[in-house]
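Take a look at the letters that make up each chain.
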Amino acid sequence: MQDEPTPTELIKAVADFLRNEIVPQIKGHNAFKLRVGINALDLVTRQLALEQGSDAAEAERLKQLLGMDGALIDLNRALSEKIAKGEVDLATPGLAEHLWQTTMDKLAVDQPNYASYKRELGNK
Amino acid sequence: MIEDQLGRCVASWYKGATGVTGAAKLSGGASQETWTFDIVHPGGNFGAILRRAPPGYGASPSPSRAAGLDAEAVLMQLAYDAGLPSPRVMHVLTPEERLGRGFIMARVEGETLARKILRDEEFAQARPLLARQLGRIAAGIHSLPRARLPNLRSMTATREIADLDREYRGADWPRPVFELALRWLADHDPGPSRQVTLVHGDFRNGNLIIGPDGVRAVLDWELAHFGDPMEDLGWICVNSWRFGEIDKPAGGFGSREDLFAGYEEAGGKVDADRVMFWEVMGTLRWGIMCGRMMQRFRNAPDHPMEQAVIGRRTSETEIDLLRLLAPRG
């Protein structure tokens, strides 16, 4: 068993330090890159918090849709193939809901401030 | 050092120039650079821009798609001559100048950062006019005289779908939403366009110089080609170039109706279904480009952070594709 603090706590501490202490001291292109870096650290903490739950739910939906079990990436490959071949499409019960939920779960980690995502959260 | 080289170059074609000053690199990777500088002249300095592939690099970074710097210079000059907002091309580099390949153009003052253009008070009066103005400009680009245009690649919807399909499969990462989009595109391929014109290829917010008075210059002709003119109208409507102003499809500035009205005012003919088709294509294209950034990040020896982060923006295009193809409620 690894000791505390947790990865999330460590990353948050580093990101907060960079945000509060270093950003005000940096100018020009490196200031831009620093903000990009801090955003990436924030993304990692969101993934650590959300990934397990959303992956499990996604795998469950894929099992239902495909009638098979397997690793998440293999299930996604199988679904991709079926869509490419036209064996499933938007008329297939559950497909649209699955794609929407999966995509919303990705945006919650990648870009929760993306305007389309915020609009769709409100539309739910 | 570049100021000495530029000074010698400028002296040979700018009458009375005594050198250059204030040279600064604005942007650029290894293969293409943009520099700003001032030509020193007793009658007053003159602002200029150098766009070049440095010595040792070819004129086009991705040979399959890029028009090449020589073609870019011709296109910008033709646009300028036609009265479209475009920088005046002042000089095309020659090998003896040892500056690489490329050209020097007059510097156009104004803003290119899309978010500033969409939010700063300075542009508040221009913003409502931009969609219509961009429509007129697109029509002007599409009617540049074919006989004077450089040799460019030809693109059709069918070939573009095949290119995207190949690039997506090359990445070997399953994306059911992209599969859905590829299927939709194949099912809705409108076939060859009746009109085939010059297409700018990257006509969008971010590649425009804007002032408080409106569009001052169209930049980045690197992806120019011959094809369906509706491609340019679809690309400028891709949600990624609305920068948060998602209810204003035309670049975050205004409505499709305004964009189309401007286009028809200037003699163009709009096919709204084709524009929508190209908007879906463009959304997928940007998504695939984001995915490619992830691969570049992995393969580059210095693992550039910015490219890693763009890789995680692919999902933005997935939600936009779903909003286009499977809208909820």
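Treat the numbers as computed from the prediction; the structure is a model and nothing was measured.

Caption draft 1: Representation of the pattern of salt bridges. Residues and elements named next belong to chain B. The full count for this structure, using the stated rule, is 40 salt bridges over all chains. Here Arg52 and Glu33 are joined by a salt bridge, their closest N and O atoms 3.0 Å apart. Taken together, the residues Arg52 in strand β3 (residues 46–53) and Glu33 in strand β2 (residues 33–40) connect sequence positions 19 residues apart. For Asp165, the salt bridge identified is with Arg169, shortest N-O distance 3.0 Å. In this pair, Asp165 and Arg169 are both assigned in helix α5 (residues 157–171), 4 residues apart and thus about one turn of the helix distant. Relative accessible area serves as the criterion here: at 25%, Asp165 is assigned to the partly exposed category.

Caption draft 2: Here's a closer look at unusual backbone geometry. Each neighbour pair has its own omega, and for A:Glu4 with A:Pro5 the value is 0°, a cis peptide bond. Turning to its location among the elements, A:Pro5 is positioned in the segment before α1 (7–22). With phi around 55°, B:Arg98 is a residue other than glycine that occupies positive phi space. Counting through the fold element by element, B:Arg98 comes out in the loop between β4 (89–92) and β5 (101–106).

Caption draft 3: Region of the structure containing the domain arrangement of chain B. All names here are of chain B. Domain annotation for chain B reports domain 1 (2–106) and domain 2 (114–325). In this structure, domain 1 and domain 2 have C-alpha centres spaced 26 Å apart. Between domain 1 and domain 2, the contact holds 20 residues from the first and 23 residues from the second. Of the roughly 1,800 Å² buried at the junction of domain 1 and domain 2 (both faces included), carbon and sulfur atoms supply 65%. The three residues of domain 1 that bury the most area against domain 2 are Arg65, Leu75 and Pro85, which together make up 40% of that side's buried surface.

Caption draft 4: Region of the structure containing the side chain of B:Glu160. Residues and elements named next belong to chain B. Its place among the elements puts Glu160 in helix α5. For Glu160, a relative accessible area of 1% corresponds to the buried category. Not counting residues up to four positions away in its chain, the partners in contact with Glu160 are Arg65, Met155, Trp278, Met281 and Arg285.

Caption draft 5: Expanded view of the interface of chain A and chain B. Contacts between chain A and chain B engage 35 residues on the former and 31 residues on the latter. Of the roughly 3,100 Å² buried where chain A meets chain B, counting both sides, 61% is carbon and sulfur surface. Broken down residue by residue, the surface that chain A buries against chain B is led by A:Trp100, A:Tyr114 and A:Arg119, which jointly contribute 20%. Where chain A touches chain B, the interface holds 7 salt bridges. Note that B:Asp172 is salt-bridged to A:Arg77, the shortest N-O span being 3.1 Å. Linking chain A with chain B are 14 residue pairs in polar contact (both at pLDDT 80 or more). Top element by residues in the side of chain A that touches chain B is helix α4 (residues 95–110) of chain A. It accounts for 9 residues. Among the residues forming the side of chain A that touches chain B, the class breakdown is 18 nonpolar, 9 polar and 8 charged.

Caption draft 6: Looking closely at the pairing of β2(B). Residue and element names in this part refer to chain B. Across the 8 residues of β2, 6 count as buried, placing the element largely inside the fold. Where β2 meets β3, 7 bridges bridge the pair, whose relative direction is antiparallel. Its bridge partner lying in β3, Phe37 is registered against Ala48. Adjacent in sequence and paired antiparallel, β2 and β3 are bridged by 5 residues, among which Gly44 carries a positive phi angle near 125°.

Definitions and cut-offs
Residues numbered from 1 in each chain as written. Chains lettered and ligands numbered in written order. Predicted model: local features only at pLDDT ≥ 70, side-chain atom pairs only at ≥ 80, totals over all residues. Heavy atoms only, no water. Salt bridge = Lys/Arg side-chain N within 4 Å of Asp/Glu carboxyl O. Helix = DSSP H or I, 4+ residues; strand = E, 2+ residues; numbered from the N terminus. Buried < 20%, exposed > 50% of the residue type's maximum accessible area, 1.4 Å probe, protein only. Domains from an automatic or database assignment. Contact = heavy atoms within 4.5 Å. Buried area = accessible area lost by both parts, 1.4 Å probe. Polar contact = N/O pair within 3.5 Å; in protein donor to acceptor, adjacent residues only side chain to side chain. Nonpolar A, V, L, I, M, F, W, Y, C, P; charged D, E, K, R; others polar. Pairing = 2+ DSSP bridges.

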